[in-house]
Structure formats: structure tokens, C-alpha cells
Amino acid sequence: MHAPLDVVVLASGRGSNLRAILDACAAETCTARVVAVVSDKPDAPALALARAHHLPAIAVALEGKADRPAWDARLADAVAAFAPKVVVLAGFMRIVGPAMLARFPNAIVNVHPALLPAFKGSDGPAQAIAAGVRLSGCTVHLVDAGVDTGPILAQAAVRVEPGDDAASLHARIQRAEHVLLPAVLDAIARGAMVLGAPPRLVGDAAPTEARAVLFAPPLR
Ligand code: GRF
């Protein structure tokens, strides 16, 4: 039996990935535990969701460009107060800075709506549609100083269907995210995935990861 993996989730938006993690955590077999949710947007629906779950919900707003280094330090302090083992960026629409990276080395995980290293940045599904790829998906990766460049932990593929636009593709990708992200947290909590440079899989990690990686809508 492993101790639960304490996780702080950072989210700017509606928080469907946060909901997926919370739902997974409600299961008896759950190995991860959300201890707080932090947002750069005081009115983020993700914070309301956290409150509804009786979790600490904290806003650390960025007050303009000049505030960025101080904001980064405030964010690191706010997150560190909960002593998480892992920090999850679940739709956190800011680049975390040096203070966060120094405080949580190899412990910040991001979910991105594309099969990295393709289609980095904020509009992965739109880039995939524009490029005409037939397969897209999501990536869970460690965060480094670049934008969507850190070591890949797991990926799930989804088909691009005829007639898809960025929104319909993103919706399908998100269904995969909601499986993949909790699966990665579970693997970390069980000690089956070890974060580090590089991250590695241990022992019985392969089945969980393989299930997540192979997750895709059935072919028709
Ligand atoms: C997700 O698609 C994630 O990949 C991206 O931002 C989106 C957040 O969605 N980084 P939600 O707020 O979890 O619904």
C-alpha cells in the first residue's frame, strides 16, 4: 500500500481535467489526492469546482507583464504551502517561471492537446486540423523551461474524423485526456512511473501505461 500522492492542480479554465482527476480520486482504489487547486484567474470555473469539493481554492493573479517574476514567486509559495509531490497543470494557460521550476524540479506535469513534439502552443487542435493529420491526441509531459518541450510521460491517440473542426477534435482529445492524466498520476503514485531526468517506468508500469497509450475510439 502506497501513501497517497498529494497533488496540487493549477487550472485557468473550466477544469474538465480537474474533474476527471477528482472523479478518479473518488474511487476506492485511488492512489492520488488533490490537496489544493490554484488558478491565475480568480473567476475560473476550476476554482468553483474545487470549492464544491471542499478543497482549498486559491487565486494567484498576474498583475501585468512587469509582475511576472513576483507572480512566479507568489505562485511557488502558494503551491508549496500544500507540500505536493506533484503539481499538475490542467489547462493552466500561463508559462510557469524559474521560481516554480526551481521549487518543484521534475515534479510539474502538463497535459497538452496534441501528440508532441508536433503542434506545441495554445492551439494544438487547430494546428492539427490545418496540417490535415489523420491522427491526433494528447500528451502528458514533464514541464521544463520551454513551451511544451519537457520529457514525454504518456500519450493517447484519437482519430481526426472527416468534417472535424478544431472544436470537435479538441472535444475528442479531451475525452482521452480525462483517461490519460489520471492514469499517469496513478502510475506515479504506485511508484510505477518515476519522475526524473529522464522519467522512467518501473516493474508493472507497462500495463497501465499501455492501456492509456492505446486508448482511442474504436475504428469504424
Ligand atoms: C486541455 O485540453 C489541455 O490539454 C489544455 O487546456 C485544456 C484544458 O481544459 N492544456 P480543461 O480546463 O481541463 O477542461
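How each quantity is defined
- Residues numbered from 1 in each chain as written.
- Predicted model: local features only at pLDDT ≥ 70, side-chain atom pairs only at ≥ 80, totals over all residues.
- Heavy atoms only, no water.
- 1 Å grid on protein atoms, 1.4 Å probe; cavity = no way out; pocket = protein on both sides within 12 Å on 5 of 7 lines; lining within 4 Å.
- Points joined across faces, edges and corners; volume = space filled by probe spheres on them.
- Helix = DSSP H or I, 4+ residues; strand = E, 2+ residues; numbered from the N terminus.
- Nonpolar A, V, L, I, M, F, W, Y, C, P; charged D, E, K, R; others polar.
- Near = heavy atom within 4 Å.
- Polar contact = N/O pair within 3.5 Å; in protein donor to acceptor, adjacent residues only side chain to side chain.
- Sits in = over half its atoms within 2 Å of the grid points.
- Core = buried A, V, L, I, M, F, W, Y, C linked by side-chain atoms within 4.5 Å.
- Buried < 20%, exposed > 50% of the residue type's maximum accessible area, 1.4 Å probe, protein only.
- Contact = heavy atoms within 4.5 Å.
- Pairing = 2+ DSSP bridges.
- Axes fitted to C-alpha atoms, helices over the stretch in contact; angles between N-to-C directions.
- Salt bridge = Lys/Arg side-chain N within 4 Å of Asp/Glu carboxyl O.
- Parallel < 35°, antiparallel > 145°, perpendicular 65-115°, else oblique.
- Left-handed = near helix turned anticlockwise from the far one by under 90°.
- pLDDT = per-residue confidence, 0-100.

A.B. asks: Teacher, can you tell me more about the layout of surface pockets here?
C.D. replies: If a probe the size of a water molecule is rolled over the atoms, the empty space left behind becomes visible. Of the volumes computed, that of the largest pocket is approximately 740 Å³. What lines the largest pocket is a set of 33 residues, among which G91, F92, M93, V111 and P113 lie closest to the centre. Those elements that place two or more of their residues in the lining of the largest pocket are α1 (16-26), β5 (108-112), α5 (124-131) and α6 (166-189). It is α6 that provides the largest number of residues to the lining of the largest pocket, a total of four residues. When grouped by side-chain class, the residues that make up the lining of the largest pocket number 14 nonpolar, 13 polar and six charged.

A.B. asks: Explanation requested: the site of the ligand in the structure shown.
C.D. replies: As a structural note, the neighbourhood of the ligand is formed by R14, G15, S16, N17, G91, V111, H112, P113, H170, Q174 and E177. Here S16 contributes a side-chain N or O atom positioned 2.5 Å from an oxygen atom of the ligand. Side-chain polar atom of Q174 to an oxygen atom of the ligand: 2.9 Å apart, as the coordinates give it. Given that more than half its atoms are within 2 Å of the pocket grid, the ligand belongs to the largest pocket. Elements with a contribution of two residues or more to the shell around the ligand: α1, β5 and α6. It is α6 that provides the largest number of residues to the shell around the ligand, a total of three residues. A breakdown of the residues in the shell around the ligand according to their chemical character gives two nonpolar, seven polar and two charged.

A.B. asks: It is not clear to me how the nonpolar core should be interpreted in this structure. Could you clarify?
C.D. replies: Side chains of a nonpolar character, in soluble globular proteins, are inclined to be buried together. Judged by nonpolar contacts, the single largest core of 45 residues is most densely connected at V9, V86, V88 and L185. If you tally residues by element for this core, the top one is α6, at ten residues. Ignoring sequence-local partners within four residues, the contact set of V88 consists of V7, V8, V9, L10, I21, V109, L181 and L185. Listed in part, the 21 residues of the second largest apolar core include L10, A36, L89 and V143.

A.B. asks: Which parts of the structure should I look at to understand the sheet that holds strand β2 (residues 32-39)?
C.D. replies: Through backbone hydrogen bonds, the strands of a sheet pair up, either in parallel or in antiparallel fashion. The sheet built from seven strands is open, its strands ordered β3-β2-β1-β4-β5-β6-β7 with mixed pairing. Two strands lie at the open edges of the sheet, namely β3 (57-59) and β7 (152-159), each paired on one side alone. Going across the sheet, the axis of each strand differs from the next one's by a mean of 20°, ignoring polarity. Inspection of the sheet shows strand β1 (residues 5-10) paired to strand β4 (residues 86-89) by four bridges, in the parallel sense. Within the sheet, the bridge partner assigned to L10 lies in β4 and is L89. This element, α6, spans β1, β2, β4, β5, β6 (135-142) and β7 of the sheet and lies at about 150° to β7.

A.B. asks: Is there a simple way to think about the pattern of salt bridges in this case?
C.D. replies: Pairing is possible between side chains that carry opposite charge, provided their charged atoms lie close to one another. Scanning the model with the defined rule gives eight salt bridges in all. The closest approach of N and O atoms between R103 and D77, which form a salt bridge, is 2.5 Å. Remark: D77 occurs in helix α3 (residues 68-80) and R103 occurs in helix α4 (residues 98-103); sequence separation between them is 26 residues. Since its relative accessible area comes to 39%, R103 is described here as partly exposed.

A.B. asks: Help me understand the packing of α5 against α6, please; the structure alone is not making it clear to me.
C.D. replies: Axes are the key here: two packed helices are described by the angle between their axes and the distance separating the axes. At their nearest, the axes of α5 and α6 sit 8 Å apart, and the two run at 120° to each other. On the basis of the axis angle, α5 is oblique to α6. In this structure, the crossing between α5 and α6 has a hand that is right-handed. Between α5 and α6, the residues in contact are P125, A126, A128 and I129 and A166, L169, H170 and I173, respectively. When grouped by side-chain class, the residues that make up the contact of α5 with α6 number seven nonpolar, one polar and no charged.

A.B. asks: Is there a simple way to explain the confidence of the model for the chain in this structure?
C.D. replies: Note: predicted coordinates in regions of low pLDDT should not be interpreted at a detailed level. Here the chain averages 91 in pLDDT, while 91% of its residues score no lower than 70. Counted against residues more than four places away or in other chains, residues 209-220, with its pLDDT under 50, gives 23 contacts.

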